[in-house]
Amino acid sequence: MTRHLRVDEPIHDSPLDQMAQGVLGQPLNRLEGPLKVSGRATYAAESRPRGMAYGVLVQAAIPAGKVLGIEDAPGAIAVIQDKRMIRYAAQGLAEEGPKAGPEEVEYMGQAIALVVADSLEAARHAAQNLKIRYDVQDVPVDPTAVVPELPPKKQSSTGDLDKAMQQAPFSVDAVWHTPTHAAAAMEPHAAIAEWDGDSVTIRAGLQMLSSNRKQMADALGIRPKKLRLLAPYVGGGFGSKLGINAEAVAAAIAARELGRPVQVVMTRQQVFDLAHRRSETRQRIRLACDHEGRLTGIGHEALVSNLPGSDFSEPVTQATPFTYAAAHRQIVHAVARIHRSCAGSVRAPGEAVGVTVFECALDELAEAADIDPVALRLRNIPTVEPDTERPFSSHKLAEALHEGAERFNWSERRPPRQRVEGEWFIGMGMATAVRVNQLVEARAKVTLGPDGRAIVETDMTDIGTGTYTILGQIAAEALGLPQERVEVRLGDTDFPPATGSGGSFGAASSGTSVYLACEEVRQQIAKAMGCEAVDLTLQNGLARAGNVEKPLSDVIQSPLVGEGYVEPGKTEKSVRQATWGSHWAEVAVNRWTGEVRVRRMLGLFSCGRILNEKTARSQCLGGMVFGMGIALTEALEHDPRDGHAVTRDLGEYHIPCHADVPHLEVHFVPERDPYVGPLQAKGIGELSICGSGAAILNAIHNACGIRVRDLPATPDKII
Ligand code: MOS
């Protein structure tokens, strides 16, 4: 039986709080950790089906045009050119789902063919020696050199911002640039496809199996039922594995054509070329406030880019309409159609760069109006969503600001250039963290056996975030079992379809479906005990009702199966759902070299119920490091002549490394959100990315008096 919940109403009293187990929320270690560090967790490229051939992707050496012909190279079994591969390699499919696309080269570096051989070396050698003839087309590759288009979707504007700017005693009007960002997951994109008659099994690095299955079936022209995707372990995705990619499509096409399993693994450089990127942005921010620091005008105009015909555009201004209130607002979002690689969701799409820039602008306004940056934010927190007047589902920004200021000793902050240690200027900065929250439909199945062991099954993925562990904790809590008696099986489309990992909605959404499946099983246990489910207590493998207490093994004769299905309902529209927090940073800026060292960072986050304090904290630590990357190091540079990605490996694309990262402190602001279902838990993965870079950039200004508006803030922009 399936327990179905549509979240139409707030749930103020969570049944989980009545349960006696106390496993949920505990900072448990990741269950699959030992498998990963000992090499026993098999990633996409690590199985070896009999007779497997090796495919190497061939990339376009022109920015746009047609492939006229490819001359086969010796040593290859086949050179496969297929329009479907080109189509899926061009546009990415992260969120939009399958659709018809181009059959021509759209950007330099795009996959245009697959060379297959008996060994990787032979395939690579053949691929390097292919002679390819092109018909080259002249296309724009620079987002500032084209007339941008305004998407049809409503732009949020009200009042008269120009007038508000003229009349305000204090204002800021400036332009920021953020560069292209790469997801840069550690595990390169890889796939192994193996056909059995008209059915195919593909092992691949993927974040969202149920939608990936539809996309892949569409790409191959088969029914989804004929396709099984396996992704039990994924070495990070950060958005780049939300949709299917060229390697999986190519492997499946080649395997069918050759009648043997085919493996395709991208090189590190190919990952940077072929996985979608976060668009570079140009952001003009206008802010106006009165003498008390109340915002009267907010302007946020964003320019992003993508390929012609691609639906996705970096939602830079996503949080701007509801983070602060102002009577006069102008929010504009424009897209430049250019021929760089496909842009898609990367590590907190929208807010990662939008909130970061906006929070830098607020710091400039605080300085102009001579108001403490924390006070400025506290003064402008809206009580309802300004655009729609909907209430917030929960809102702990003020608490995060107050507690952060206290913990960080914010009162010790001095004006710029006044704290000096040797050749270093020391400064402090802060910013608000905000990210939209979403519940997504999800299904799960739970089986409780007479041996008192439970199995959780869903096609949810664990991309290194702790899904195995938290889903196990939820089931252990709801079924009254020690955690080690719950086995969690993920990453297989044979299991009920869940959300996949993305948009910070995975844990809370798939977790709710697991909880519902357990509720269904509890109901069956209650029936066997002859009591109502509310009167049943499950603890340590025992079932208790009134004076009767029995081991589960005495109650259950044959396996009990429950399915859970959650879908968003009225609360998705009736309230504004978001997560909140505050970022704090102290930096040292070298007065001679412009080098920035982050000395300490503090983050406070409110994300509803915390399902596992350790994995939650790890998410936040990672997000704060990404903020360091946005502020100081990360840039995927494009060649201005042809648009190709230049800094295309981990040596050139600088993610902060251990030596860059100081002590980071994370605290959770206690919160339950009744509008997101019985778990009362919200997204956590991306919030800590949103604004952490601003705290660093604001600290740089506080240290040395310099504002960097062209990110990242490398030393050349500071000295
Ligand atoms: Mo995330 S960028 O939705 O993987």
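Computed from a prediction, not measured in an experiment: that's the story for all the values here.

1. Thoughts on the overall build of the protein chain
Okay, so step 1: The helix and strand tally for the protein chain stands at 17 helices and 29 strands.
Okay, so step 2: Its C-alpha atoms put the protein chain at 80 × 75 × 50 Å along the principal axes.
Okay, so step 3: Residues counted as buried form 57% of the 719 residues belonging to the protein chain.
Okay, so step 4: For the protein chain, restricting intrachain contacts to residue pairs at least 6 apart in sequence, the fraction spanning at least 24 positions comes to 83%.

2. Description of the pairing of strand S20 (residues 442-448)
Okay, so step 1: With six of its seven residues buried, S20 lies for the most part within the structure.
Okay, so step 2: Here S20 pairs with strand S26 (residues 560-568) via seven bridges, running antiparallel. The residue bridging Val-446 from the neighbouring strand is Gly-562, located in S26.
Okay, so step 3: By the bridge criterion, four bridges tie S20 to strand S21 (residues 454-457) in an arrangement that is antiparallel. Following the sheet pairing, Lys-445 is matched in S21 by Glu-457.
Okay, so step 4: Hairpin connection from S20 to S21: five residues lie between these consecutive antiparallel strands, with Gly-452 at a positive phi of about 75°.

3. A few points about the environment of Gly-309
Okay, so step 1: Mapped onto the elements, Gly-309 comes out in the loop between strand S16 (295-306) and helix H8 (320-323).
Okay, so step 2: By C-beta crowding, Gly-309 is classed as partly exposed, having 13 other C-beta atoms within 10 Å.

4. Examining the pairing of strand S15 (residues 281-289)
For a regular strand, side-chain orientation follows a simple rule: the groups alternate between the two sheet faces.
Okay, so step 1: Along S15, eight of the nine residues are buried, which leaves the element largely enclosed by surrounding structure.
Okay, so step 2: Note that strand S8 (residues 170-178) and S15 share nine bridges and pair antiparallel. Residue Ala-174 lies in a different strand from S15, and its bridge partner there is Ile-285.
Okay, so step 3: Bridge analysis of S15 against S16 gives eight bridges, and the strand direction is antiparallel. Within the sheet, the bridge partner assigned to Leu-287 lies in S16 and is Ile-298.

5. Overview of helix H16 (residues 613-633)
Structurally, the α-helix is built with 3.6 residues per turn, so residues lying three or four positions apart point the same way.
Okay, so step 1: With 21 residues, H16 ought to run about 30 Å at 1.5 Å a step, and its terminal C-alpha atoms sit 29 Å apart, in line with that.
Okay, so step 2: Burial analysis of H16 places 15 of its 21 residues in the buried class, which makes it a mostly covered element.

6. Here's the deal with the domain arrangement of the protein chain
Often, the extent of an interface is quoted as the loss of accessible area on bringing the components together.
Okay, so step 1: Segmentation of the protein chain into domains returns domain 1 (2-40 + 439-573) and domain 2 (350-437 + 577-717).
Okay, so step 2: Domain 1 and domain 2 are separated by 34 Å when their C-alpha centres are compared.
Okay, so step 3: Taken together, the contacts link 31 residues of domain 1 with 21 residues of domain 2.
Okay, so step 4: With five residues, helix H13 (residues 506-529) is the largest single contributor of residues to the side of domain 1 that touches domain 2.
Okay, so step 5: When grouped by side-chain class, the residues that make up the side of domain 1 that touches domain 2 number 17 nonpolar, 13 polar and one charged.

7. As for the sheet that holds strand S11 (residues 199-204)
Okay, so step 1: Pairing in this open sheet of seven strands is mixed, and the strands run S4-S5-S2-S13-S10-S11-S12 from one edge to the other. Single-partner strands in this sheet number two, and they are strand S4 (78-80) and strand S12 (227-230). Here the average twist between neighbouring strands, direction ignored, is 25°.
Okay, so step 2: Where strand S10 (residues 190-196) and strand S13 (residues 262-265) come together, four bridges link them in antiparallel fashion. Considered in S13, the bridge of Ala-191 is made with Val-264.

8. Description of the environment of Ala-61
Okay, so step 1: Residue placement: Ala-61 occurs in the loop between strand S2 (53-59) and strand S3 (65-71).
Okay, so step 2: By the C-beta count within 10 Å, which is 15 here, Ala-61 ends up partly exposed.
Okay, so step 3: As a C-alpha pair, Ala-61 and Asp-642 span 581 residues in sequence and 9.5 Å in three-dimensional space.

9. Comments concerning the packing of H16 against helix H17 (residues 692-704)
Okay, so step 1: Direction vectors running N to C along H16 and H17 enclose 50°, while the axes themselves pass 7 Å from each other. Considered as vectors, H16 and H17 are oriented oblique to each other. Like other packed secondary-structure pairs, H16 and H17 cross with a definite hand, here right-handed. Mapping the contact onto sequence places Gly-623, Met-624, Gly-627, Met-628, Ile-630, Ala-631 and Leu-632 in H16 and Ser-692, Gly-693, Ile-696 and Leu-697 in H17.
Okay, so step 2: Of the residues assigned to the contact of H16 with H17, the class counts are seven nonpolar, four polar and no charged.

10. Regarding the nonpolar core
The tendency in soluble globular proteins is for nonpolar side chains to be buried as a group.
Okay, so step 1: Judged by nonpolar contacts, the single largest core of 229 residues is most densely connected at Leu-114, Val-115, Val-116, Ala-250, Ala-251, Ala-475 and Ile-696.
Okay, so step 2: Looking at this core element by element, the count peaks at eleven residues for helix H9 (residues 351-369).
Okay, so step 3: When residues of this core are assigned to domains, at least three fall in each of domain 1 (2-40 + 439-573) and domain 2 (350-437 + 577-717).
Okay, so step 4: Apart from the residues within four sequence positions on either side, Ala-475 is in contact with Val-446, Ala-454, Val-456, Val-486, Val-514 and Cys-518.

11. With respect to unusual backbone geometry
Okay, so step 1: Across the junction of Leu-711 and Pro-712, the peptide omega takes the value -5°, indicating a cis bond.
Okay, so step 2: With respect to the secondary-structure elements, Pro-712 resides in the segment after H17.
Okay, so step 3: With phi around 55°, Asp-370 is a residue other than glycine that occupies positive phi space.
Okay, so step 4: In this fold, Asp-370 is placed in the loop between H9 and helix H10 (373-379).
Okay, so step 5: Even without being a glycine, Arg-417 presents a positive backbone phi close to 65°.
Okay, so step 6: Mapped onto the secondary structure, Arg-417 falls in the loop between helix H11 (397-408) and strand S18 (420-421).

12. Observations concerning the sheet that holds strand S1 (residues 2-7)
Okay, so step 1: Spatially, S1-S26-S20-S21-S22 is the arrangement adopted by the five strands of the open sheet, whose pairing is mixed. Edge positions in the open sheet fall to S1 and strand S22 (486-489), since each of these has one partner strand only. Shown here is a sheet whose adjacent strand axes are inclined to one another by a mean of 15°, direction ignored.
Okay, so step 2: Helix H12 (residues 467-479) rests against S20, S21 and S22 of the sheet, and its axis sits at about 140° to S22.

13. Topic: the confidence of the model for the protein chain
Okay, so step 1: In the predicted model, the protein chain carries a mean pLDDT of 95, and the fraction of residues at 70 or more is 97%.
Okay, so step 2: Every residue in residues 94-100 scores below 50 in pLDDT, and together they form 19 contacts with partners more than four places removed in sequence or on other chains.

14. Details of the packing of H9 against H17
Between two packed helices, what matters for the description is the angle formed by their axes and the separation of those axes.
Okay, so step 1: As a packed pair, H9 and H17 sit with axes 8 Å apart at the nearest point and diverge in direction by 30°. It follows that H9 is roughly parallel to H17 by the angle criterion. Pair H9 / H17 crosses with right-handed handedness. Between H9, through Thr-356, Glu-359, Cys-360 and Asp-363, and H17, the contact on the second element is made entirely by Gly-693, Ala-694, Leu-697, Asn-698 and His-701.
Okay, so step 2: Tallied by class, residues from the contact of H9 with H17 come to three nonpolar, four polar and two charged.

Criteria and thresholds
- Residues numbered from 1 in each chain as written.
- Predicted model: local features only at pLDDT ≥ 70, side-chain atom pairs only at ≥ 80, totals over all residues.
- Helix = DSSP H or I, 4+ residues; strand = E, 2+ residues; numbered from the N terminus.
- Buried ≥ 20, exposed ≤ 12 C-beta atoms within 10 Å, placed from the backbone.
- Contact = placed C-beta atoms within 7 Å.
- Pairing = 2+ DSSP bridges.
- Expected span 1.5 Å × (residues − 1).
- Domains from an automatic or database assignment.
- Nonpolar A, V, L, I, M, F, W, Y, C, P; charged D, E, K, R; others polar.
- Axes fitted to C-alpha atoms, helices over the stretch in contact; angles between N-to-C directions.
- Parallel < 35°, antiparallel > 145°, perpendicular 65-115°, else oblique.
- Left-handed = near helix turned anticlockwise from the far one by under 90°.
- Core = buried A, V, L, I, M, F, W, Y, C linked by C-beta atoms within 7 Å.
- pLDDT = per-residue confidence, 0-100.

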